[in-house]
Amino acid sequence: MLLIPCPYCGPRPELEFRHAGEAHIARPANPDATAAGAWSEYLYVRSNPKGRHIERWRHASGCNRFFNCVRDTVTDVIEATYPAGEARR
Amino acid sequence: MRHSIFNLVRQAFAGNQGWPRQWRSPAPKRAYDMIVVGAGGHGLATAYYLAAEHGLRNIAVLEKGWLGGGNTGRNTTIIRSNYLWEESQKLYEHAVQLWEDLSQTLNYNVMYSPRGVMMLAHTQHDVQSFQRHIHANRLGGIDNEWLTAEQAQAFCPILNIDPSLRYPVIGAALQRRGGTARHDAVAWGYARAADALGVDIIENCTVTGIDRDASGAVSGVQTSRGAIRAARVGVVAAGHSSVLMGMAGVRMPLESYPLQALVSEPVKPVMPCVVMSNTVHAYMSQSDKGELVIGAGTDAYTSYSQTGGLHIAMHTLDAICELFPVVRRMRMLRNWGGIVDVTPDRSPIIGKTPVPGLFVNCGWGTGGFKATPGSGHVFAHTLATGEPHPINAPFSLDRFRTGRLIDEAAAAAVAH
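The notes below deal with the structure included here. (Residues numbered from 1 in each chain as written. Chains lettered and ligands numbered in written order. Predicted model: local features only at pLDDT ≥ 70, side-chain atom pairs only at ≥ 80, totals over all residues. Heavy atoms only, no water.)

## Some points on the overall build of chain A
To be explicit about the condition: Here a strand is any run of E in DSSP of at least two residues, a helix any run of H or I of at least four, and the numbering for each starts at the N terminus. Buried, partly exposed and exposed residues are distinguished by accessible area as a fraction of the type maximum, computed with a 1.4 Å probe on protein chains only: under 20%, between the cut-offs, and over 50%, respectively. Residue contacts are defined here by distance: any two heavy atoms, one from each residue, within 4.5 Å place the two residues in contact. Only the protein chains shown count as covering a residue, and every accessible area follows the Shrake-Rupley method with a 1.4 Å probe. Only four residue types enter the tally: Lys and Arg on the positive side, Asp and Glu on the negative side, with His and both chain ends excluded. For this purpose, a charge sits on NZ of Lys, CZ of Arg, CG of Asp or CD of Glu.
Secondary structure assignment for chain A yields one helix and six strands. In chain A, the succession of helices and strands from N to C terminus is β-β-β-α-β-β-β. Its C-alpha atoms put chain A at 45 × 30 × 20 Å along the principal axes. The buried share of chain A, reckoned over its 89 residues, is 39%. Intrachain contacts of chain A at a sequence separation of at least 6 include 47% that bridge at least 24 residues. Roughly 4700 Å² of accessible area belongs to chain A as shown, and the carbon and sulfur atoms make up 50% of that amount. Put simply, chain A has 12 plus and 10 minus side-chain charges, and the middle of one group is 4 Å from the middle of the other.

Okay, here's the thing in structure tokens:
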């Protein structure tokens, strides 16, 4: 089980959290002018890296806030967490 | 040497010292007509059908580890075809029909055992969902029948149908032709049969790059054992599909999750069938060795670690202990994880890619083992002809652009 450092509440066990997928995926700014390929990229395509990955978690049984987390997908070691909305690390 | 009663007796009298190696261990040639990346069940089946049905002999299967050492050796070996959508039914039923005489086809005992797969309903929603599946399956010509809780218990006597359970069993869907097979034997049988037809199976050969010529088409692969040229490459790399496709610059609609399983100490036969429960995240069968084989749901996060959180296995064992109180005091011998590549619609991707000459067979998620023969068969057709077989045509990569998804979330094994 991961020990996840919530930026607001501190380190808590994984059971308190919900994984919320890859971070920093922005919805197309102008939907009317967005082609099918770009929608596909936004909706379905994921980088799924073997190594450094930036993902969102929600502290569902705590502060209930979303935040971003940098984790290595080979070792599962968490490098850092930071509030949603901050620049990509 | 063929496996036959004659050879079995002859070798028994010769102390079983005369059995040859089941497949060669060749050094990679500089060039092949076709390369399959990944020597799991699906990759080996692809190579076998390329050789057996399409007459291609100058092909190689490249494997970074050992043959059948990934998800083929890590799954819980369940076979069934009772999927909801017509496209899926045709794909998985194609596989079940190949399973039925696979041992004879390969001259290798894959121990296919159609002992019945029973999926438990614990809520009214489950009942409605399963009955919808049963009706859809009847229209598709696939066997799947509804059982009451009492009938379910008669089919699997150790099942607890006490109404006081937190999630009581209120019925079940049973596919009698579903069952299990010996997962390692499937990889070995395909490897042996493909090797006998001249396919080079090259283990410990990691693909590190995919080469493309001036027109953008595939021209070969870079590996830990040197460059190998080929005009067609089929990627069958399960959890590592995103990584391999990334080498050709193709981004995939995939995420790789750990999926855990565990086995108990071996005991006398107690479990005559496979029982699955999507609602409480547990499934169990008994191997021919006597171990209870138990599968859990996927972990919450993406990972390539081939391990998962203990709380996931505990959650599954809680459910197993409720459903099968007779096994409560058994010890678990081993647990492990595999990395499964999950698509947004929980259906596989089998077909062409934007790169000419590059083909992909991936996205089998939590339920790829059951499809091994069918997957290899249609993917071999795709590789040999350059166009998808009618059965895998709907499972294109392009469906994530056109929106023609095959949403099997309700039918997939667990945790969706």
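## Overview of the interface of chain B and chain A
Test applied: Values labelled buried area give the accessible surface lost by two parts on being combined, using a 1.4 Å probe and summing over both. One side-chain nitrogen of Lys or Arg within 4 Å of one carboxyl oxygen of Asp or Glu is enough to make a salt bridge. Any pair of N or O atoms that falls within 3.5 Å is considered a polar contact. Within protein, one atom must be able to donate a hydrogen and the other to accept it, and sequence-neighbouring residues count only if both atoms are side-chain atoms.
Listed per partner, the contact involves 23 residues of chain B and 24 residues of chain A. Buried area between chain B and chain A, summed over both chains or domains, comes out near 2000 Å², and the portion from carbon and sulfur atoms is 53%. In this structure, the connection of chain B to chain A is made through one salt bridge. Between Arg251 of chain B and Glu41 of chain A there is a salt bridge, with its nearest N and O atoms 2.7 Å apart. Here chain B and chain A share 14 residue pairs in polar contact (both at pLDDT 80 or more) between them.

## Brief notes about the pairing of strand β6 (residues 171-175) of chain B
Residues and elements named next belong to chain B. In plain terms, the rule: Any two strands with at least two DSSP bridges between them are considered paired.
Taking burial as the measure, the five residues of β6 include five buried ones, the bulk of the element. Taking every second residue as pointing to the same face, both faces of β6 are buried, with Gly171, Ala173 and Gln175 on one and Ala172 and Leu174 on the other. In this structure, strand β4 (residues 117-121) lies alongside β6, joined through five bridges in antiparallel fashion. Paired with Met119 across the strands is Ala173, a residue of β6. Sheet topology note: the strand β5 (residues 145-147)/β6 ladder contains three bridges and is antiparallel. Paired with Trp146 across the strands is Ala173, a residue of β6.

## Structural notes on the packing of helix α2 (residues 41-54) of chain B against helix α7 (residues 183-196) of chain B
Residues and elements named next belong to chain B. Threshold: Here, axes are lines fitted to C-alpha atoms. For helices the fit covers the stretch in contact, and angles between N-to-C directions go from 0 to 180 degrees. Just so you know how the angles are binned, under 35 degrees is roughly parallel, over 145 roughly antiparallel, 65 to 115 roughly perpendicular, and the rest oblique. By definition, turning the near helix anticlockwise from the far helix through less than a right angle yields a left-handed crossing, and turning it clockwise yields a right-handed one. Lys, Arg, Asp and Glu make up the charged group, whereas Ala, Val, Leu, Ile, Met, Phe, Trp, Tyr, Cys and Pro make up the nonpolar group; the residues left over, Gly among them, are polar.
Contact pair α2 / α7: the axes reach a minimum separation of 9 Å and the direction vectors enclose 30°. What the angle tells us is that α2 and α7 run roughly parallel. α7 is crossed by α2, and the crossing has left-handed handedness. Contacts between α2 and α7 pair Gly41, Leu44, Ala45, Ala47, Tyr48 and Tyr49 from the former with Ala187, Tyr190, Ala191, Ala193 and Ala194 from the latter. Partitioned by chemical class, the residues of the contact of α2 with α7 number 10 nonpolar, one polar and no charged.

## Here's the deal with the packing of aromatic side chains
As a reminder, the rule being used: For Phe, Tyr and Trp, where Trp contributes only its six-membered ring, two rings pair if their centres lie within 6.5 Å, and the inter-plane angle classes them as stacked under 30 degrees, edge-to-face over 60, or tilted in between.
Here the structure, examined in full by the defined rule, presents 12 aromatic pairs over all chains. Centroid distance Phe17 of chain A to Phe67 of chain A: 5.9 Å. Interplanar angle 80°. Geometry classified as edge-to-face. Remark: Phe67 of chain A occurs in strand β5 (residues 66-72) and Phe17 of chain A occurs in the loop between β2 (10-13) and β3 (18-22); sequence separation between them is 50 residues. Ring geometry for Tyr49 of chain B and Tyr190 of chain B: centres 5.8 Å apart, planes at 65°, overall edge-to-face. With Tyr49 of chain B in helix α2 and Tyr190 of chain B in helix α7, the pair connects residues that are 141 residues apart, well separated along the chain.

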